[in-house]
Amino acid sequence: GLHGSIFAIGAILLQCDNDYTHPFVAGEFFDVAAPTIEIDDWVKAHVIPKLVEKVGKPMHTWKSGRSLLWQFSKFYKEAMHKNAEVVVFCPYPYEAGLFRDLFKLDLIDEREHPCPMYDLATLLHYEGCKDPASVEANYESITGKKYDNKRAHDPMYDAECQLDMYRVLMASRSWFAKKPI
């Protein structure tokens, strides 16, 4: 569920120069916990099969969401020490819930939350994309690369695609100066 407990996280630490033209992957995080809530039908049909493909059955490596969040918090804190930008696709309800839970469980403190948290959906909206909440609808037109529908909703593939789009948009920041406000 979108508003329930976190049970899967995919994240990539991307580092690059100031003009976003030479990015490299400096770290990756992917893990799954046993869901503790009823999962909605869309997630069952689109996300769960991708998670089973990645980790097999049982579909989790952690028995609790708290353990998963603890593990992710270690990755996140290390990334923050490298001055990483936190780029998310659609911050509410997804990542907002993740960081809210990290804070509630004292896994990050008030100085460690992502501020600012950059979001790709707003850039896509500003770019004029018809459906800025969809990776699939925008990936090819933004990056020039074919979107692999067979990998859709795999958390790591989604993260890779989102970073590709963010990198392209940020490398061509001149688009921002051309748009009237």
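Predicted, not measured: the structure shown is a model, and the values here were computed from it.

The rules we used
- Throughout, a residue's number is its position along its own chain's written sequence, starting from 1.
- Under the rules for a predicted model, residues below a pLDDT of 70 receive no local features and side-chain atom pairs below 80 are neither given nor counted, while totals for whole chains, interfaces and linings still include all residues.
- As a rule here, side-chain values come from all non-hydrogen atoms in the structure, and water together with hydrogens is ignored.
- Here, the term nonpolar core denotes a set of buried Ala, Val, Leu, Ile, Met, Phe, Trp, Tyr and Cys residues that are joined through side-chain atoms within 4.5 Å.
- Here the term buried applies to any residue with accessible area under 20% of the maximum for its type, exposed to any over 50%, and partly exposed to those in between, with areas from a 1.4 Å probe on protein chains only.
- Per the convention used, a helix needs a DSSP run of H or I reaching at least four residues, while a strand needs a run of E reaching at least two, with both numbered from the N terminus.
- Aromatic rings from Phe, Tyr and Trp, taking only the six-membered ring of Trp, are treated as a pair when their centres fall within 6.5 Å; an angle between ring planes under 30 degrees marks them as stacked, one over 60 as edge-to-face, and anything in between as tilted.
- Basic side-chain nitrogens of Lys or Arg form a salt bridge, by our definition, when they fall within 4 Å of a carboxyl oxygen of Asp or Glu.
- In the analysis that follows, any N or O atom pair within 3.5 Å is treated as a polar contact, provided that within protein one partner can donate a hydrogen and the other can accept it, and provided that, for residues neighboring in sequence, both atoms belong to side chains.
- Whether two residues touch is decided by their heavy atoms; if any such pair falls within 4.5 Å, the residues are in contact.

A. Inspection of the nonpolar core at higher detail. In terms of nonpolar packing, the biggest core is built from 20 residues, with Ile 9, Phe 29, Leu 69, Phe 72, Leu 98, Phe 99 and Leu 102 touching the most fellow members. Elements that contribute at least two residues to this core include exactly β1 (8-15), α3 (65-81), β3 (86-88) and α4 (94-104). Sort the elements by how many residues they give to this core and α3 lands first, with six residues. Of all hydrophobic cores here, the second largest spans 18 residues; its members include Phe 89, Tyr 139, Tyr 147 and Leu 169.

B. Geometry of the packing of aromatic side chains. Counted according to the given criterion, the structure contains seven aromatic pairs. On the numbers, 6.0 Å between centres and 40 degrees between planes, the contact of Phe 72 with Phe 75 is tilted. One end of the pair is Phe 72 and the other is Phe 75, both in helix α3 and three residues apart, which spans about a single turn. Ring plane angle 25 degrees and centroid distance 6.3 Å describe the contact between Phe 72 and Tyr 76, whose orientation is recorded as stacked. Pair noted here: Phe 72 and Tyr 76 are both in helix α3, with a separation of four residues, about one helical turn. For the pair Phe 72 and Tyr 76, a shared accessibility class is recorded, and that class is buried. Within the aromatic cluster, the residues linked to one another by ring pairs are Phe 29, Phe 72, Phe 75, Tyr 76 and Phe 99.

C. Molecular detail of the pattern of salt bridges. Per the counting criterion, the structure on display carries five salt bridges. For the salt bridge of Lys 77 with Glu 112, the shortest nitrogen-to-oxygen distance reads 4.0 Å. In this pair, Lys 77 sits in helix α3 while Glu 112 sits in the loop between α4 and β4 (117-119), placing the two residues 35 residues apart along the sequence. Look at Glu 112 and you get partly exposed, because its relative accessible area is 24%. Arg 151 is the partner of Glu 160 in a salt bridge, and the nearest nitrogen-oxygen pair spans 3.8 Å. Taking relative accessible area as the criterion, Glu 160 reaches 29% and is therefore assigned partly exposed. Judged by its relative accessible area of 31%, Arg 151 falls in the partly exposed class.

D. Representation of the side chain of Asp 119 within the structure. Looking at the element boundaries, Asp 119 is found in strand β4. A polar contact of 2.9 Å, which involves the side chain of Asp 119, links it to the side chain of Thr 122. Ignoring any residue separated from it by four or fewer positions in sequence, one finds Asp 119 in contact with Val 88, Phe 89 and Pro 91.

E. Looking closely at the environment of Leu 13. By the secondary structure assignment, Leu 13 is in strand β1. The class of Leu 13 is buried, set by a relative accessible area of 5%. Expressed as a C-alpha distance, the spacing of Leu 13 and Tyr 76, which sit 63 residues apart in the sequence, is 8.9 Å.

F. Quick look at unusual backbone geometry. Phi at Asp 106 is positive, roughly 60 degrees, even though this residue is not glycine. Summarising the element assignment, Asp 106 is placed in the loop between α4 and β4. One non-glycine residue with positive phi stands out, namely His 153, at about 75 degrees. Assignment of secondary structure puts His 153 in the loop between α6 (135-143) and α7 (155-171).

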